[in-house]
2 protein chains.
Amino acid sequence: MTNELIKSWVESANAPNCAFPLNNLPYGVFNDGSGARCGVAIGDFILDLAQVPLKSANHDLFAQPSWNAFMDAGADIWAAFRDEITSVLHEDSPPAPAWLVAQSSAEMLLPFAVTEFTDFFAGRHHATNVGTMFRGPDHALPPNWLHIPIGYNGRASSVVVSGCSVRRPHGQLKGPQDELPRFAPSMRFDFELEIGAIVGKNSAARLSVDEADDALFGYVLLNDWSARDIQAWEYQPLGPFQAKATATTISPWIVTKAALEPFRTSTPERDFELLDHLKDTGPMLYDIDLAVDLITQSGAETRITETNYAEMYYSAAQQLAHHSACGCPMRVGDLLGSGTVSGAEKHQRGSMLELSWGGKDPLLLSDGQTRSFLEDGDSVRLSGRAQAAGYCIGFGECLGTITPA
Amino acid sequence: MTNELIKSWVESANAPNCAFPLNNLPYGVFNDGSGARCGVAIGDFILDLAQVPLKSANHDLFAQPSWNAFMDAGADIWAAFRDEITSVLHEDSPPAPAWLVAQSSAEMLLPFAVTEFTDFFAGRHHATNVGTMFRGPDHALPPNWLHIPIGYNGRASSVVVSGCSVRRPHGQLKGPQDELPRFAPSMRFDFELEIGAIVGKNSAARLSVDEADDALFGYVLLNDWSARDIQAWEYQPLGPFQAKATATTISPWIVTKAALEPFRTSTPERDFELLDHLKDTGPMLYDIDLAVDLITQSGAETRITETNYAEMYYSAAQQLAHHSACGCPMRVGDLLGSGTVSGAEKHQRGSMLELSWGGKDPLLLSDGQTRSFLEDGDSVRLSGRAQAAGYCIGFGECLGTITPA
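Since the model is a prediction, treat every value here as computed from it, not as a measurement.

### What about the packing of aromatic side chains?
Thought 1: Under the definition given, this model contains 44 aromatic pairs over all chains.
Thought 2: Note on Phe189(A) and Trp225(A): the rings are 5.9 Å apart at their centroids and 10 degrees apart in plane angle, and the pair reads as stacked. Placement of the pair is Phe189(A) in strand E12 (residues 189-190) and Trp225(A) in the loop between strand E14 (216-224) and strand E15 (226-227), with a sequence separation of 36 residues.
Thought 3: Residue classification places Trp225(A) among the buried positions, given a relative accessible area of 1%.
Thought 4: The cationic tip of Arg270(A) hangs over the ring face of Tyr314(A); the distance from NZ or CZ to the ring centre is 5.4 Å.
Thought 5: Positioned above the aromatic ring of Tyr313(B) is the side chain of Arg270(B), whose terminal nitrogen or guanidinium carbon lies 4.6 Å from the ring centre.

### Describing the interface of chain B and chain A
Size of an interface, as often reported, equals the accessible area lost when the parts are brought together.
Thought 1: Contacts between the two partners involve 55 residues from chain B and, on the opposite side, 55 residues from chain A.
Thought 2: Buried surface at the junction of chain B and chain A, both sides included, amounts to about 5000 Å², of which 60% is carbon and sulfur.
Thought 3: Sorting the residues of chain B by area buried against chain A places Arg155(B), Leu238(B) and Phe241(B) first, and these three jointly supply 17% of that buried surface.
Thought 4: Counting the contacts that link chain B with chain A gives four salt bridges.
Thought 5: One salt bridge connects Asp334(A) with Arg155(B), and the closest N-O pair in it is separated by 2.5 Å.
Thought 6: Counting residues per element, the ones that place at least two in the side of chain B that touches chain A are strand E6 (117-120), strand E7 (151-153), strand E10 (170-173), strand E11 (182-185), helix H5 (228-234) and helix H7 (316-323) of chain B.
Thought 7: In terms of residue count, the dominant contributor to the side of chain B that touches chain A is E7(B) (three residues).

### A look at helix H2 (residues 75-89) of chain A
Thought 1: Spanning 15 residues, H2(A) covers 21 Å between terminal C-alpha atoms, matching the ideal 21 Å at 1.5 Å per step.
Thought 2: Listed as buried for H2(A) are Trp78(A), Phe81(A), Arg82(A), Glu84(A), Ile85(A), Thr86(A), Val88(A) and Leu89(A).

### With respect to the state of the cysteines
All names here are of chain A.
Thought 1: Counted under the stated rule, the structure contains zero disulfides over all chains.
Thought 2: Summary of cysteine pairing: Cys 38 is not part of a disulfide, and the nearest cysteine sulfur, belonging to Cys 164, is at 18 Å.
Thought 3: According to the relative accessible area criterion, Cys 38 is buried, its value standing at 2%.

### Looking at the pairing of strand E25 (residues 379-387) of chain A
All names here are of chain A.
Thought 1: The pairing of strand E20 (residues 289-295) with E25 spans seven bridges and is classified as antiparallel. Among the inter-strand pairings, Val 292 is bridged to a residue of E25, identified as Leu 382.
Thought 2: Pairing of E25 with strand E26 (residues 392-394) involves three bridges; the strand directions are antiparallel. From the neighbouring strand, Arg 385 faces E26, where its bridge partner is Gly 394.
Thought 3: Joining the antiparallel neighbours E25 and E26 is a turn of four residues.

### Considering the domain arrangement of chain A
All names here are of chain A.
Thought 1: What the domain assignment lists for chain A is domain 1 (11-109) and domain 2 (117-403).
Thought 2: Summarising the inter-unit geometry, the C-alpha centres of domain 1 and domain 2 are found 28 Å apart.
Thought 3: On the side of domain 2, 26 residues touch domain 1, which itself brings 24 residues to the contact.
Thought 4: The tally of links between domain 1 and domain 2 comes to zero salt bridges.
Thought 5: Listing elements by their share of the side of domain 1 that touches domain 2, those giving two or more residues are strand E1 (27-31), strand E2 (36-42), helix H1 (68-72), H2 and strand E5 (107-109).
Thought 6: Top contributing element to the side of domain 1 that touches domain 2 by residue count: H1, with four residues.
Thought 7: Split into classes, the residues belonging to the side of domain 1 that touches domain 2 amount to 16 nonpolar, six polar and two charged.

### Some words on the environment of Met352(B)
Residues and elements named next belong to chain B.
Thought 1: By secondary structure assignment, the location of Met 352 is in helix H8 (residues 352-355).
Thought 2: On the accessibility criterion, Met 352 (0% relative accessible area) is buried.
Thought 3: For the pair Met 352 and Arg 371, spaced 19 residues apart in sequence, the C-alpha separation works out to 8.3 Å.

### What about the sheet that holds strand E2 (residues 36-42) of chain B?
All names here are of chain B.
Thought 1: The strand order across the open sheet built from five strands is E4-E3-E2-E1-E5, with neighbouring strands paired in antiparallel fashion. Both edges of this open sheet fall to strand E4 (100-102) and strand E5 (107-109), since each of them pairs with a single strand only. Pairs of neighbouring strands in the sheet enclose a mean axial angle of 50 degrees, with direction left out of account.
Thought 2: Sheet analysis places strand E3 (residues 45-48) next to E4, joined by three bridges and oriented antiparallel. The partner of Phe 45 across the bridge, within E4, is Ala 102.
Thought 3: Helix H2 (residues 75-89) rests against strand E1 (27-31), E2 and E3 of the sheet, and its axis sits at about 65 degrees to E2.

### Examining unusual backbone geometry
Thought 1: That bond from Gln236(A) to Pro237(A) is cis: its omega, 5 degrees, falls within 30 degrees of zero.
Thought 2: Topologically, Pro237(A) is positioned in the loop between helix H5 (228-234) and strand E16 (248-250).
Thought 3: Here Trp357(B), not a glycine, exhibits a phi torsion of approximately 45 degrees, which is positive.
Thought 4: In this structure, Trp357(B) sits in the loop between H8 and strand E23 (363-364).

### Comments concerning H7(B)
Residue and element names in this part refer to chain B.
Thought 1: Taking burial as the measure, the eight residues of H7 include eight buried ones, the bulk of the element.
Thought 2: Buried within H7 we find Ala 316, Ala 317, Gln 318, Gln 319, Leu 320, Ala 321, His 322 and His 323.
Thought 3: Elements that come into contact with the buried residues of H7 comprise E6, E7, strand E13 (193-199), helix H4 (209-215), strand E14 (216-224) and strand E22 (335-337).

### Observations regarding the pattern of salt bridges
Thought 1: Here the structure, examined in full by the defined rule, presents 48 salt bridges over all chains.
Thought 2: Across the salt bridge formed by Arg182(A) and Asp178(A), the nearest N and O atoms sit 3.5 Å from each other.
Thought 3: A residue is classified by how much of its surface remains accessible, and Arg182(A), at 41% relative accessible area, is partly exposed.
Thought 4: When the shortest N-O distance is used, the salt bridge between Glu301(B) and Arg381(B) registers 2.7 Å. Here Glu301(B), found in strand E21 (residues 301-308), pairs with Arg381(B), found in strand E25 (residues 379-387); they are 80 residues apart in sequence, far enough to count as distant.

### What to know about the relation of the copies chain B and chain A
Thought 1: Take chain B, turn it by 180 degrees, move it 0.0 Å along the axis, and it overlays chain A with an RMSD of 0.0 Å. Such a combination of turn and shift is consistent with a two-fold rotation axis. Across chain B, the smallest distance between a C-alpha and the rotation axis is recorded for Gly239(B), namely 2.1 Å.

### Brief notes about the sheet that holds E5(A)
Residue and element names in this part refer to chain A.
Thought 1: Pairing is antiparallel in the open sheet, where five strands are placed in the order E4-E3-E2-E1-E5. The open sheet has two edge strands with one neighbour each: strand E4 (100-102) and E5. Between one strand axis and the next, the sheet turns through 50 degrees on average, direction left out of account.
Thought 2: Inspection of the sheet shows E1 paired to E2 by five bridges, in the antiparallel sense. Bridge pairing in E2 links Gly 28 to Gly 39.

Analysis parameters
Residues numbered from 1 in each chain as written. Chains lettered and ligands numbered in written order. Predicted model: local features only at pLDDT ≥ 70, side-chain atom pairs only at ≥ 80, totals over all residues. Heavy atoms only, no water. Phe/Tyr/Trp six-rings, centres within 6.5 Å; stacked < 30°, edge-to-face > 60°. Helix = DSSP H or I, 4+ residues; strand = E, 2+ residues; numbered from the N terminus. Buried < 20%, exposed > 50% of the residue type's maximum accessible area, 1.4 Å probe, protein only. Lys NZ or Arg CZ within 6 Å of the ring centre and 35° of its normal. Contact = heavy atoms within 4.5 Å. Buried area = accessible area lost by both parts, 1.4 Å probe. Salt bridge = Lys/Arg side-chain N within 4 Å of Asp/Glu carboxyl O. Expected span 1.5 Å × (residues − 1). Disulfide = S-S within 2.5 Å. Pairing = 2+ DSSP bridges. Domains from an automatic or database assignment. Nonpolar A, V, L, I, M, F, W, Y, C, P; charged D, E, K, R; others polar. Axes fitted to C-alpha atoms, helices over the stretch in contact; angles between N-to-C directions. Least-squares fit on C-alpha atoms with pLDDT ≥ 70 in both.

What follows is the structure in structure tokens.
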């Protein structure tokens, strides 16, 4: 692996800080008015796979507007295709501008059909912060947390792509002082900054951590919208349900494991050695800078969070190994949310719940407004990038705007 | 609706106690060696839809070996098709034995593609029993339980059809006396007697209880295999995960809402009035007798549970209304487990956990063996039937056999 930019005949891909240089090549589904189809981001453009005479992969793999069939084709095809696209777009190859569609003229769609969605809880600062608020500082981290990547099954039907509006949910609410619950719009609607890992391989048996890493195809940004007041009343004893089922927004470009290879980094030091089936076998997290901007209806932007994916206590490979431990079949298109990525410092917290400490310490925005939780008209934009010496790997944006209940 | 048997030219369908009289007409997918395809049970036979010149429904709806496309066609097609099949098989119609396949010569497959799986916890006796064991009698029923149908998202990939063996899961285990967890086969592997409700309609918005009832297509028996020792260690704070993801077995025939219409019955009297969006609007449970047989490796059978679906505190329509309350999109093929059906008496309990009271009071089997939880080689068979004066509606069997870890 190189730390150098690989130059393309697509000039915009060679610009400093371009999110989509030739080193990246993330996979998406777009519609420029001529139908939804698969494409690869390069600079300001999308390589339209329907136009490219491919050798490494059969065009049938792209017959549907989703990357599921390609993922199912296996890791050899993943590698050969990436090599071919790298070559096709390389500065030494003949330019083929007819194969490009401007990103500005295309709408991005969900890049894959989400088979099932699992959301983990693998950020130690997040778990500690939330645990302190919900259960007090003495019981902040549940006793199992340092031994298992705790997770719950989410709702695949609720996953939407960046740009979709998110309607404030109704739900059953009951505050500690209320005698009875009521059904009303959530007043504590929140975002969660996460990375989503995409499973690219079907399996019917328990996976080792290495096998799990091999089965992962790529990563997206993920916002697990959460209604804290619905959650507080419903989550005992069986976990979050309606609090997390309104919507989950993902970024439109699948950044492949191959593109992230130079950014591998290790999980933090552990309090307890993990059991063998979950032990780290190499660096399986990634050094990805993450940020959250809150944009009010007037357009005022405030950078409210800056953190890094390397904060996680468990890698996606460890989460997938745990997920399959009981024999649970995993399938192409399964989406695993990392859990909220929060750092140790206040400005590194990945949710309003933590940033405003449950509403006790509202956030001051750039236009002078304050926020404890999200208001109608607010937009939340997640961004992520892995920075090398000569280039960066961007994720594109993950944006959602709250509409009234 | 009539309480009378509707007679068919298929003689075996007219026999007393036949599970599949003309009043039933459950939908399945079978393979007699000539490929998997859709069929309707009648007496000892399956009506092979590929052979029937249908007027009410396009054969394209049955192009795939699943009932999803038919469900998606909508309630008018559901009704017209049922009318046509009733007429085709009626004793007044000309017999067409060439359209029949003997059930004894066919293997049954999953009747539909399970889109997502949600498991509820709506049996009051079960919730009280389990709550007493896990949290003590004073905190047995969680405070939200009488106000919301508590549920969690399960794992659709783990759903299998009756007859599939179920491998004892490995998992992370830690008893209250253990210093550290270990990874080992579950020693407290259990069944749960449930009814599964199948969603037959896509929706993107909140459903009323009436709309939810209209969106339900049919019902199956469901065994939510559960590893109690994995569950005890993992389930706080986000609910059951690997404890419930090894397998969930369903019976192969979808018994339609139409067939169950004469058996509608009301939910029990309530301690608290439900909020408007969950209120009963009519009888939406069903009077279905349920039983569980445990069969040891030697073949000895013991009837260990007899109860009734009418024990549930919430109907599937109420569960679906709640499920959609936050705007969660629901889809054709979503499967909703009722929660374990337990009655008030000891012999009416729907899990080993309750029957053996957490292992403190082992069950005596017909061959003199005792059981606290399931052992390798044990088979669990669920059965269900709704009994009218002149006929009954059977569900077929829901059977699974434990193989070693």
